[in-house]
Amino acid sequence: MMCEWSQYFPYNRVTQTQWECNVVSQNTPTIYDYGVQRIWIDAGRIAIIRTDGSVTPGALRMWARVVTDTAWQFPVDRPIAICHDLGKRQSFNADVRHYAQKVYTAMPQDRPIYGVVTLPNNLLMPIIGLFVRRHTNKRPNVYEHVTADIKKSIAWLREQIQQHDQASV
């Protein structure tokens with residue numbers, strides 16, 4: 001089943017009870033400071049982390065914390081699958097690079113990590129693509145993809161999970 005963002009992020013706020021709900025049953029987004037949002041789909045197999053594109057140090061720290069926390073919430077017997085929707089206003093600077101490197105360093109090294117970056121198809125896309133490939137090549141357990149279409153992003157993650165599951169049988 002393909003999706004639209006409104007399916008996953010229909011609300012502006014969530015209650016404390018919704019925030020504390022079990023990852024597997026979560027059907028509303030958790031909204032953090034600086035416009036960072038996370039929702040789990042496919043029974044907790046995929047996390048989608050969305051930003052509003054802010055590159056202030058506070059927003060980048062929040063994004064890095066949410067990504068790292070999300071990765072460590074995946075059960076150890078499952079691959080990590082995260083879709084990063086960077087928003088329409090995303091830019092790339094030294095701070096973005098610094099926090100992204102911190103995230104790469106904090107990721108588990110004992111299981112596969114599938115990440116897909118979704119951002120507008122503009123001049124920034126090839127730059128982020130080069131950055132992602134540079135880090136992916138350093139970690140044999142990290143597989144990443146860059147695309148401009150959220151539907152393709154989620155489809156790619158589902159395909160990677162399916163291939164992983166078939167190889168594990």
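Before going into details, it helps to say that this report is about the structure given with it. (Residues numbered from 1 in each chain as written. Predicted model: local features only at pLDDT ≥ 70, side-chain atom pairs only at ≥ 80, totals over all residues. Heavy atoms only, no water.)

### Focus on helix α3 (residues 57–73)
Then step 1. Its 17 residues place the ends of α3 24 Å apart at the C-alpha level, agreeing with the 24 Å of an ideal helix rising 1.5 Å per residue.
Then step 2. Within α3, the full set of buried residues consists of Gly58, Ala59, Leu60, Met62, Trp63, Ala64, Val66, Val67, Thr70 and Ala71.
Then step 3. Packing partners of the buried residues in α3 comprise β2 (37–41), β3 (46–50), β4 (80–85) and α4 (94–106). (Helix = DSSP H or I, 4+ residues; strand = E, 2+ residues; numbered from the N terminus. Expected span 1.5 Å × (residues − 1). Buried < 20%, exposed > 50% of the residue type's maximum accessible area, 1.4 Å probe, protein only. Contact = heavy atoms within 4.5 Å.)

### A look at the environment of Arg158
Then step 1. Secondary-structure assignment places Arg158 in helix α6 (residues 150–168).
Then step 2. Residue classification places Arg158 among the partly exposed residues on the basis of a relative accessible area of 22%.
Then step 3. Sequence separation of Arg158 and Ile46 is 112 residues, and the distance between their C-alpha atoms is 8.0 Å.

### What to know about the packing of aromatic side chains
Then step 1. Inspection of the entire model under this criterion finds 2 aromatic pairs.
Then step 2. Summarising the aromatic geometry, the rings of Tyr114 and Tyr143 are spaced 5.2 Å apart at their centres and angled 25° between planes, so their arrangement reads as stacked. Taken together, the residues span a long stretch of sequence, with Tyr114 in strand β5 (residues 113–118) and Tyr143 in strand β6 (residues 142–147) at a distance of 29 residues.
Then step 3. For Tyr114, a relative accessible area of 7% translates into the label buried.
Then step 4. According to the relative accessible area criterion, Tyr143 is partly exposed, its value standing at 38%. (Phe/Tyr/Trp six-rings, centres within 6.5 Å; stacked < 30°, edge-to-face > 60°.)

### Focus on the nonpolar core
Then step 1. In terms of nonpolar packing, the biggest core is built from 24 residues, with Val36, Ile49, Trp63, Val67 and Ile82 touching the most fellow members.
Then step 2. Those elements that place two or more of their residues in this core are β3, α3, β4 and α4.
Then step 3. If we skip the residues at most four places from it in the chain, Val36 touches Thr30, Ile31, Ile49, Arg50, Thr51, Ala59, Met62, Trp63 and Val66.
Then step 4. Grouped together as the second largest cluster of nonpolar side chains are 13 residues, Val116, Ile150, Ile154 and Trp156 included. (Core = buried A, V, L, I, M, F, W, Y, C linked by side-chain atoms within 4.5 Å.)

### Thoughts on the side chain of Asn141
Then step 1. On the secondary structure map, Asn141 appears in the loop between α5 (124–136) and β6.
Then step 2. A polar contact of 3.2 Å, which involves the side chain of Asn141, links it to the backbone oxygen of Pro108.
Then step 3. Setting aside residues no more than four positions away along its own chain, Asn141 makes contact with Pro108, Gln109, Asp110, Arg111, Pro112 and Ile113. (Polar contact = N/O pair within 3.5 Å; in protein donor to acceptor, adjacent residues only side chain to side chain.)

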